[in-house]
Amino acid sequence: MNTTNSTDQGTARESAARAPRRITSLDALRGFALCGILLVNIPYQLMEMPKRDGDSPVHPVPAFLDLFVHQRFFPVFAFLFGLSFALFLESAARRSPRPRLLLARRLVVLGVLGLAHQQLHPGEALLPYAVFGLLILLPASWLPTRVVLTAGLLGSVASVTLAGGGMASIPGLFLLGLAVARLGVARTLDRRTGQLTVVLVLAVVGAVAATWLEHVHPSAGPYATRIAAAAGLLGAAAYAAGLLLVLRTRLGRPLSAVLEPLGRTALTNYLTATLVVLAAAGPLGLRHSSRWVTAMVLAAAVIAAQTLFSRWWLARFRYGPLEWVLRCLTWWNVVPLRRSQP
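Here goes a summary of the coordinates provided. Remember, it's a predicted structure, so these values are computed and weren't measured experimentally. (Residues numbered from 1 in each chain as written. Predicted model: local features only at pLDDT ≥ 70, side-chain atom pairs only at ≥ 80, totals over all residues. Heavy atoms only, no water.)

Moving on: the overall build of the protein. Regarding its fold elements, the protein presents 14 helices and 0 strands. Walking the protein from its N terminus toward its C terminus, one meets helices and strands in the order α-α-α-α-α-α-α-α-α-α-α-α-α-α. Taking 20 Å as the expected radius of gyration for a compact globule of 342 residues, we find that the protein reaches 20 Å, a close match to that expectation. Sorting the 342 residues of the protein into buried and exposed places 47% on the buried side. Considering only contacts in the protein between residues 6 or more positions apart, those separated by 24 or more positions represent 76%. Of the roughly 17,100 Å² that the protein leaves accessible, carbon and sulfur atoms contribute 67%. (Helix = DSSP H or I, 4+ residues; strand = E, 2+ residues; numbered from the N terminus. Rg over C-alpha atoms; globule rule 2.2 N^0.38 Å. Buried < 20%, exposed > 50% of the residue type's maximum accessible area, 1.4 Å probe, protein only. Contact = heavy atoms within 4.5 Å. Areas by Shrake-Rupley, 256 points an atom, 1.4 Å probe, with all protein chains shown as cover.)

What follows is the structure in structure tokens.
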């Protein structure tokens, strides 16, 4: 890897000046999804915390997570990954004659990080994201937008009706994110209040119906996983549209101040959260326990600490720590990190 000289740094700064501004609402949405994913991941990282003690009723915390958190944030993250893929390809095409090579390298690095993360958190997202990115997103970058959008819709429906959600939903959501970015929706969100409102209303109606059905349908029933997957997708759409609308209100500024830094350093926060949770599990006695309230307090503490760290870091540096490493390996160059270069 070659160290940048003054000419390289000047070129990088000029390219950054020409590049479009970050879409801060999407950073906030990514941070919001990251918070929900942490709540879902903790029980799996702590070796499947039981939802009940003996014959006692299901603990209210896992019951709440099942109905309002589980499968509601993973789709948002997957959709944003596909959308970010398109934005990065657009940006890379302005600065490199081989933008897809950069994307392939970026996905390989993510896959290596995911493989290492799998050792601590089996079932994590980075490795399948990298694999599906190489197998689905990269080839789709040559396809017309109409084909990508149709494939994304069909893939998302099939993942619910045939596979019951889970990892099977990744390809369809990736393609939907790619298509939405190509259609220019991401950069015109501020002009789409009416459309977001329609999405919110429809998604809430569908999510409420699917969540009620998920609650009353036996968990061991033949359609349980499909109902849960449908409720998750609809809930994810409702949460995303709702947050994007709330960000335009008076609550938007303080809410964005919390979520935006988390989203801009999502890779760093996603991986370090696993280390913190596993390190705290022993002293807090959480492994194989039913201490759900303690686990949720731990999650809140992790989110609070990561928010403070992310704000402090981004005030001084352009990218999060691991985001910078990923960027350097993607471009195979040491890119400027500090906000004020000498």
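Counting across every chain of the model gives 4 salt bridges. The partner of R187 in a salt bridge is E90, with the nearest N and O atoms 3.7 Å apart. Remark: E90 occurs in helix α4 (residues 74–95) and R187 occurs in the loop between α8 (170–182) and α9 (193–216); sequence separation between them is 97 residues. On the basis of relative accessible area, R187 is assigned to the partly exposed category, the value being 34%. Judged by its relative accessible area of 35%, E90 falls in the partly exposed class. In the salt-bridge network here, residues are joined through shared partners; they are E90, R94 and R187. (Salt bridge = Lys/Arg side-chain N within 4 Å of Asp/Glu carboxyl O.)

Right, let's get into the packing of aromatic side chains. By the definition in use, this model includes 13 aromatic pairs. Seen from their ring centres, F64 and F68 are 5.2 Å apart, and the 35° between their planes marks the pair as tilted. Taken together, the residues F64 and F68, both in helix α3 (residues 60–68) and 4 residues apart, mark about one turn of the helix. Residue classification places F68 among the partly exposed positions, given a relative accessible area of 37%. Relative to F174, the ring of F81 lies with its centre 4.9 Å away and its plane at 20°, an arrangement referred to as stacked. Linking F81 in helix α4 with F174 in helix α8, this pair joins segments that are 93 residues apart in sequence. F81 sits in the buried class, given a relative accessible area of 18%. For F174, a relative accessible area of 0% translates into the label buried. Here a set of aromatic residues connected by ring pairs shows up, and it is made of F74, F81, Y129 and F174. (Phe/Tyr/Trp six-rings, centres within 6.5 Å; stacked < 30°, edge-to-face > 60°.)

L26, L38, I42 and Y129 are the most contacted members of the largest nonpolar core, which has 80 residues in total. In terms of residue count, the dominant contributor to this core is α4 (12 residues). Sequence-distant contacts of Y129, defined by excluding residues within four places in its chain, comprise F74, F77, A78, F81, I170 and F174. (Core = buried A, V, L, I, M, F, W, Y, C linked by side-chain atoms within 4.5 Å.)

Next up on the list: the packing of helix α12 (residues 266–284) against helix α14 (residues 321–331). Two elements in contact, α12 and α14, have axes whose closest approach is 6 Å; the angle formed by their N-to-C orientations is 120°. For the element pair α12 / α14, the angle class is oblique. Of the two possible hands of crossing, α12 and α14 adopt the one that is right-handed. Contact residues: A266, L267, T268 and L271 in α12; P321, L322, E323 and L326 in α14. (Axes fitted to C-alpha atoms, helices over the stretch in contact; angles between N-to-C directions. Parallel < 35°, antiparallel > 145°, perpendicular 65-115°, else oblique. Left-handed = near helix turned anticlockwise from the far one by under 90°.)

Right, let's talk about unusual backbone geometry for a bit. The backbone phi angle of Q71 is positive, close to 65°, even though this residue is not glycine. With respect to the helices and strands, Q71 occurs in the loop between α3 and α4. Overall, Q71 belongs to the partly exposed group, its relative accessible area being 22%. Notably, W332 is not glycine yet its phi reads approximately 50°, a positive angle. You can see W332 is positioned in the segment after α14.

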